[in-house]
Amino acid sequence: MRKSLLFLILVFLSSNLFAQEQIVSELNFSGLKKTKENSLRRLLKTKVDGNYDSLLVAKDIERLKRLPSIANATYELSEEGGKVKLLYKVEENFTIIPGLRIATANDGSFAYRVSVFEFNLLGNNQLLGAFYEKNVFNSYGAFWEHPFLFSDKVGIGLNYQNVTTQEPVFFEEGDKNYRFNSEMFEGNILLNLDFNNEIELGAIYAKEQYLFEEDNQLPNRPTSLQADKLTYKGVYRYVDLDIDYQYFDGITSEFTGQYVNFLNGDAPGQEFLNSFLSLRNDFIYYKKIKSRGNWATRLRLAAAFGNDDSPFAPFILDNQLNIRGVGNTVDRGTAAIVLNTEYRHTLYEKGWFVVQGNAFIDAGTWRKPGEDFSQLFDGSATRLYPGVGFRLTHKRIFNAVFRLDYGFGIGSEATNGIVFGIGQYF
């Protein structure tokens, strides 16, 4: 008797649950101007004539907000006759973005980079852009990326760059500048596995040349090096973010692995350009604090294997990359641990305009070429830079964050400096 009663209760509950399933009869968008509706529909997991799932709709909203074309997204729900009508309300970003970066080159001259990028080409979130840079020498490049070319999961990216710079190389006998030129072609396959996981697989073919001027030559060191190299690249990203305009809450993790294979092993000076494996992981944690605060922390771990003694180490200590205030291309290393943490606070917000103040601490340690991994922990190559800055943000232009920071170096030989850029530091 008890078993029969239990069975009847289970049947009643299950039938009641199934009866409560609602079908999505309509799915519409409002607020679209440039973005094509069909390009958004193919990304959504909620489909017309499918079951309504509030958790799935919430994920769809977050996916929309991660697109460069979308500034914000919400939804409205209406029920009629056991069916559901969904309206996704979208605020679009302005996505044609000019860029300007200014700095002091390694020879003390004025350096700048100008660029323009369209992040919503043809209304389906394609990227097309180009840059020109003057950093002692001239450089330029062009980029195209369609993350959803073949489906909502598979896309492609291509770019070409011809970069010429003057950079320091750190030999035992002293630091010398050299002229570096790299002409490179890159192709990537972009895989969106699911809502949180992405993979990027690609290859880079580059022709590189290193030329030392007469007044920068060192005894028993090559005056020039030439190399063709093929780099195999893999990137894995985990993204679990809640985005509300300038506020982020959640985590991201990006692992990048590269195998760099130099193809002309008999070229002069090739002993300094060994093939090597490079591994790097960036873990970022965001936490929204009350109504106006945002805490952000990035931990970067990096290591290279196979080029331990080469002065052309792959990881660079630089203002724009890891430690604000340290200077431009200050040092190179074959391993690194970097921690950046900052608190951002909204001081003023009205309509589309936001002013944020921030306080940060950047700290890092490097393993120099030829040294053991223990150097990462002995304090001999450690930098510590606290600082303050501000942000000016346009809420409806993609990545339109004007950033200015000032880092104060701690230590007897530390420097101070201003760092200017577009977009949040991380």
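Preceding this section is the structure that the text describes.
The structure reproduced in this document is the subject of the present report.

The rules behind each value
- Residues numbered from 1 in each chain as written.
- Predicted model: local features only at pLDDT ≥ 70, side-chain atom pairs only at ≥ 80, totals over all residues.
- Heavy atoms only, no water.
- Helix = DSSP H or I, 4+ residues; strand = E, 2+ residues; numbered from the N terminus.
- Buried < 20%, exposed > 50% of the residue type's maximum accessible area, 1.4 Å probe, protein only.
- Contact = heavy atoms within 4.5 Å.
- Pairing = 2+ DSSP bridges.
- Axes fitted to C-alpha atoms, helices over the stretch in contact; angles between N-to-C directions.
- Expected span 1.5 Å × (residues − 1).
- Polar contact = N/O pair within 3.5 Å; in protein donor to acceptor, adjacent residues only side chain to side chain.
- Core = buried A, V, L, I, M, F, W, Y, C linked by side-chain atoms within 4.5 Å.
- Salt bridge = Lys/Arg side-chain N within 4 Å of Asp/Glu carboxyl O.

### A closer look at the overall build of the protein
Item 1. Scanning the protein from N- to C-terminus turns up three helices and 21 strands.
Item 2. The burial tally for the protein puts 46% of its 426 residues in the buried class.
Item 3. Long-range contacts, defined as pairs at least 24 residues apart, comprise 55% of the intrachain contacts of the protein with a sequence gap of at least 6.

### Focus on the sheet that holds strand β2 (residues 70-80)
Item 1. Taken in spatial order, the three strands line up as β1-β3-β2 in an open sheet, and their pairing is mixed. Both edges of this open sheet fall to β1 (23-30) and β2, since each of them pairs with a single strand only. Put simply, the sheet's adjacent strands are angled 20° from each other on average, direction ignored.
Item 2. On the sheet, helix α3 (residues 54-66) packs against β2 and β3 (83-92) and is oriented at approximately 155° with respect to β2.

### Re α3
Item 1. The end-to-end C-alpha distance of α3 is 19 Å, a good match for the 18 Å that 13 residues give at a rise of 1.5 Å each.
Item 2. Within α3 the residues assigned to the buried category are Val 57, Asp 60, Ile 61, Glu 62, Arg 63, Leu 64 and Lys 65.
Item 3. Here α3 starts with a cap whose side-chain oxygen sits 2.9 Å from the backbone nitrogen of Leu 55, and that cap is Asp 53.

### Here's the deal with the nonpolar core
Item 1. Residues Tyr 178, Tyr 210, Leu 273, Phe 312, Ile 323 and Trp 366 are the most contacted members of the largest nonpolar core, which totals 23 residues.
Item 2. At the level of elements, β9 (174-192), β11 (224-244), β12 (247-262), β14 (293-305), β15 (315-317) and β17 (335-350) are the ones that each hand at least two residues to this core.
Item 3. Counting residues in each nonpolar core, the second largest holds 18 residues, with Val 57, Leu 86, Tyr 88 and Val 90 among its members.

### Observations concerning the side chain of His 146
Item 1. Locating His 146 in the fold gives a position in strand β7 (residues 137-146).
Item 2. Assessed through its relative accessible area of 6%, His 146 is described here as buried.
Item 3. A distance of 3.2 Å separates a polar side-chain atom of His 146 from the backbone nitrogen of Leu 149.

### Some details on the pattern of salt bridges
Oppositely charged side chains may form a pair once their charged atoms are brought near each other.
Item 1. The tally for this structure, following the rule as stated, stands at 26 salt bridges.
Item 2. Between Asp 152 and Lys 45 there is a salt bridge, with its nearest N and O atoms 3.4 Å apart. One end of the pair, Asp 152, is in the loop between β7 and β8 (154-171); the other, Lys 45, is in the loop between α2 (37-41) and α3, with 107 residues separating them in the sequence.
Item 3. Classification of Asp 152 as buried rests on a relative accessible area of 18%.
Item 4. Put simply, Lys 233 and Glu 186 hold a salt bridge, and the shortest N to O gap is 2.8 Å. Remark: Glu 186 occurs in strand β9 and Lys 233 occurs in strand β11; sequence separation between them is 47 residues.

### Re the environment of Ala 130
Item 1. Turning to its location among the elements, Ala 130 is positioned in strand β6 (residues 126-135).
Item 2. Expressed as a C-alpha distance, the spacing of Ala 130 and Gln 161, which sit 31 residues apart in the sequence, is 9.3 Å.
Item 3. Setting aside its immediate chain neighbours within four residues, Ala 130 contacts Val 114, Ser 115, Val 116, Phe 117, Gly 141 and Ala 142.

### What to know about the side chain of Thr 365
Item 1. Along the chain, Thr 365 falls in strand β18 (residues 353-367).
Item 2. Of the polar contacts made by the side chain of Thr 365, one reaches the backbone oxygen of Leu 376; its length is 2.9 Å.
Item 3. Among all residues touching Thr 365, those that are not within four sequence positions of it are Ala 335, Ala 336, Ile 337, Gln 375, Leu 376, Ala 381 and Thr 382.

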